[in-house]
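So the chains spell out like this:
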Amino acid sequence: MTTELITPELVDLDLAGTDRKTVVRSLAERLAAAGRVTDVEQFLADIEAREQQMPTGLEGGIGIPHCRSAAVTAPTLAFGRSATGVDFGAEDGPADLIFLIAAPEGGGADHMTVLAALARRLVRAEFKQNLRDATDPAQLAEYVRGEVAP
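What counts, and at which threshold
- Residues numbered from 1 in each chain as written.
- Predicted model: local features only at pLDDT ≥ 70, side-chain atom pairs only at ≥ 80, totals over all residues.
- Heavy atoms only, no water.
- Helix = DSSP H or I, 4+ residues; strand = E, 2+ residues; numbered from the N terminus.
- Buried < 20%, exposed > 50% of the residue type's maximum accessible area, 1.4 Å probe, protein only.
- Contact = heavy atoms within 4.5 Å.
- Pairing = 2+ DSSP bridges.
- Core = buried A, V, L, I, M, F, W, Y, C linked by side-chain atoms within 4.5 Å.
- Axes fitted to C-alpha atoms, helices over the stretch in contact; angles between N-to-C directions.
- Parallel < 35°, antiparallel > 145°, perpendicular 65-115°, else oblique.
- Left-handed = near helix turned anticlockwise from the far one by under 90°.
- Nonpolar A, V, L, I, M, F, W, Y, C, P; charged D, E, K, R; others polar.
- Expected span 1.5 Å × (residues − 1).
- Arc of directions from axis to C-beta.

Asker: Sorry, what's going on with the overall build of the protein here?
Answerer: From N to C terminus, the protein includes 5 helices and 6 strands. Projected onto its principal axes, the C-alpha positions of the protein cover 35 × 30 × 25 Å. Per-residue burial for the protein yields a buried fraction of 49% across its 150 residues. Considering only residue pairs separated by 6 or more positions, the protein has 68% of its internal contacts joining residues 24 or more positions apart.

Asker: I keep staring at the pairing of strand S6 (residues 95-104) and nothing clicks. Help me out?
Answerer: Strand residues, when the strand is regular, have side chains that alternate between the two faces of the sheet. For S6, the tally of buried residues reaches 10 of 10 residues, placing the bulk of the element in the interior. Sheet topology places strand S3 (residues 62-63) next to S6; 2 bridges connect them, and they run parallel. From the neighbouring strand, Gly-63 faces S6, where its bridge partner is Ile-98. Where strand S4 (residues 66-69) and S6 come together, 4 bridges link them in parallel fashion. Paired with Arg-68 across the two strands is Ala-103, which belongs to S6.

Asker: What's the story with the nonpolar core in this structure? I'm lost.
Answerer: In globular proteins that are soluble, nonpolar side chains generally tend to be buried together. One finds Phe-43, Leu-77, Phe-79, Phe-99, Leu-100, Leu-118 and Leu-131 to be the most contacted residues of the largest nonpolar core, which totals 45 residues. Among the secondary structure elements, those contributing two or more residues to this core are helix H1 (20-33), helix H2 (40-53), strand S5 (76-86), S6, helix H3 (110-122), helix H4 (125-133) and helix H5 (137-148). Excluding anything up to four places from it in sequence, Phe-43 contacts Ala-28, Leu-31, Val-37, Cys-67, Ser-69, Ala-71, Val-72, Leu-100 and Ala-102.

Asker: I would appreciate a short explanation of the pairing of S5 in the present structure.
Answerer: Among the 11 residues of S5, 9 are classified as buried, and the element is accordingly described as predominantly covered. Sheet topology places S5 next to S6; 7 bridges connect them, and they run antiparallel. Each bridged residue has a counterpart across the sheet, and for Thr-76 the counterpart in S6 is Ala-102.

Asker: What exactly am I supposed to notice about the environment of Ala-83 here?
Answerer: One can find Ala-83 in strand S5. Residue classification places Ala-83 among the exposed positions, given a relative accessible area of 76%. Expressed as a C-alpha distance, the spacing of Ala-83 and Leu-97, which sit 14 residues apart in the sequence, is 9.3 Å.

Asker: Looking at this structure, how should I read the packing of H1 against H2?
Answerer: To characterise two packed helices, one gives the angle between the axes of the helices and the distance between these axes. Running from N to C, H1 and H2 cross one another at 135 degrees; their axes reach a closest spacing of 10 Å. Between H1 and H2, the crossing angle belongs to the class labelled oblique. In the crossing of H1 with H2, the sense of the turn from one axis to the other is right-handed. Contacts between H1 and H2 involve Arg-20, Lys-21, Val-24, Arg-25, Ala-28, Glu-29, Leu-31 and Ala-32 from the former and Val-40, Glu-41, Phe-43, Leu-44, Ile-47, Glu-48, Glu-51 and Gln-52 from the latter. Here the contact of H1 with H2 is composed, by residue class, of 8 nonpolar, 1 polar and 7 charged.

Asker: I would appreciate a short explanation of H1 in the present structure.
Answerer: Taking 1.5 Å per residue as the helical rise, H1 with its 14 residues ought to reach 20 Å, and the 20 Å between its terminal C-alpha atoms agrees with that figure. Turning to H1, its buried residues are Arg-20, Val-23, Val-24, Leu-27, Ala-28 and Leu-31. For H1, the angular spread of buried residues about the axis comes to 135 degrees, placing them on one side. On its buried side, H1 packs onto strand S1 (11-12), H2, S5 and S6.

What follows is the structure, given as structure tokens:
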């Protein structure tokens with residue numbers, strides 16, 4: 001059985017919180033509830049270690065926190081949208097579109113493939129606009145899967 005990269009349960013169109021750690025925790029808890037993360041605290045520590053190496057904010061209102069972690073059971077993508085914006089260290093300001101990429105520790109290049117596909121889509125205004133306009137988590141998950149699934 002293959003596990004879908006992103007599902008409606010992994011989409012939050014109205015993220016609570018205005019700081020990076022709160023937002024990442026919120027998305028990580030969705031991953032745990034979906035059985036994709038076995039230890040939220042370990043996963044958050046791994047995300048934070050990665051974030052300390054280099055901020056994961058991209059121009060245009062994008063945040064892509066990501067890591068490999070022993071707490072991750074399958075390559076997974078969670079998405080959150082923030083009305084207020086969250087600082088992920090991008091030079092042009094806060095992110096309103098946040099993708100949390102979780103990869104198993106021994107996952108090889110899986111998460112880099114997803115990251116590369118996502119980065120290519122995120123330079124397209126149409127892709128970002130569709131994410132900002134979405135009203136249905138199921139439709140958004142299906143759209144993102146169609147765009148970035150390996």
